[in-house]
Amino acid sequence: RDCLLSRGLGDVYKRQVIHKPIAKVNRRWNDLVKVISDRQHDLEDALLRLGQFQRSLDEFMTWISQTEREVEEIRPTFGDPQFIEVTLAKLKVLMNDIHAHQTSLDGLNRAGQSEDADQSTLKNLNVRWQELQDKAYTKQKDLEDTLNESIAFAQEIQDLLNFLGDIDSQFASSKPVGGLPETAREQLSLFLEVYNELDSRQKLLYNLSSEDYPYFV
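Notes on the structure follow. (Residues numbered from 1 in each chain as written. Predicted model: local features only at pLDDT ≥ 70, side-chain atom pairs only at ≥ 80, totals over all residues. Heavy atoms only, no water.)

**Comments concerning the nonpolar core**
Generally speaking, nonpolar side chains in soluble globular proteins are found buried as a group. Ranked by size, the top nonpolar core spans 24 residues in total, and within it F60, W63, I64, L91 and L125 carry the most contacts. Listed by contribution, the elements that provide at least two residues to this core are α3 (53–73), α4 (81–100), α5 (102–114) and α6 (119–173). Each residue touching W63, except ones within four places of it in the same chain, is listed here: D97, I98, H101, W129 and L132. (Core = buried A, V, L, I, M, F, W, Y, C linked by side-chain atoms within 4.5 Å. Buried < 20%, exposed > 50% of the residue type's maximum accessible area, 1.4 Å probe, protein only. Helix = DSSP H or I, 4+ residues; strand = E, 2+ residues; numbered from the N terminus. Contact = heavy atoms within 4.5 Å.)

**Observations regarding α3**
Under the 1.5 Å per step criterion, the end-to-end length of α3 is 30 Å for 21 residues, consistent within 8% with the ideal 30 Å. Those residues of α3 that fall on the buried side of the exposure criterion are F53, S56, L57, F60, M61, W63, I64, T67, E68 and V71. The arc that holds the buried residues of α3, viewed along the axis, is 160°, so those residues lie on one side. Projecting away from the buried face of α3 at angles above 90 degrees are the exposed residues R55, T62 and E73. (Expected span 1.5 Å × (residues − 1). Arc of directions from axis to C-beta.)

**Considering the pattern of salt bridges**
The full count for this structure, using the stated rule, is 5 salt bridges. Salt-bridge contacts for R128 lead to E68; the nearest nitrogen and oxygen are separated by 3.1 Å. Taken together, the residues R128 in helix α6 and E68 in helix α3 connect sequence positions 60 residues apart. A salt bridge links K135 to E72; the shortest N-O distance between them is 3.0 Å. Taken together, the positions of K135 in helix α6 and E72 in helix α3 put the pair 63 residues apart, joining distant regions of the chain. With a relative accessible area of 40%, E72 lands in the partly exposed category. A cluster of three or more residues bridged by salt bridges with shared partners is formed by E68, E72, R128 and K135. (Salt bridge = Lys/Arg side-chain N within 4 Å of Asp/Glu carboxyl O.)

Take a look at the structure:
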């Protein structure tokens, strides 16, 4: 447990180290996805015009199933903000790919209407599409919530360590016990202040160390 507590210490302040590279990767990836998507749409429209509706539909449904699995495999990991940011970036790449397939969906719907395709087939297509989008957005929200909780958790630990460091410094710089009665009373008063402040943090320490705390699951 102590290793897990210390693992996130200080790391939260390094988040910006990976932020810029991830943003750059996202921009370049988005540009590439757009080029590929435009080309894919041109080819799909050509196939649809040649009467390849069923084949294009099957391929699209296969893509939906594969993308659903990829979204489901993405899981938040508590306690490590950097890892969660990387995971969130991977999800956003998938979401960009999903958005890029919107025109393919529109083309299939148009082709299905023009070819008098089974309406239940088109309905199933659109239901699966909506379910995929819902799963992706839900996963994004879960990851963003987990990231915020992880950052707050690491900050609480850092604040507690800073507090304990201040207490250590106070004890290290305190005068030896003894001397005149007035001096002893003053030392006792200062000690009680430190003790009461330390006692007030005990509940926070217990919560952070509890087996029921989500970062220890």
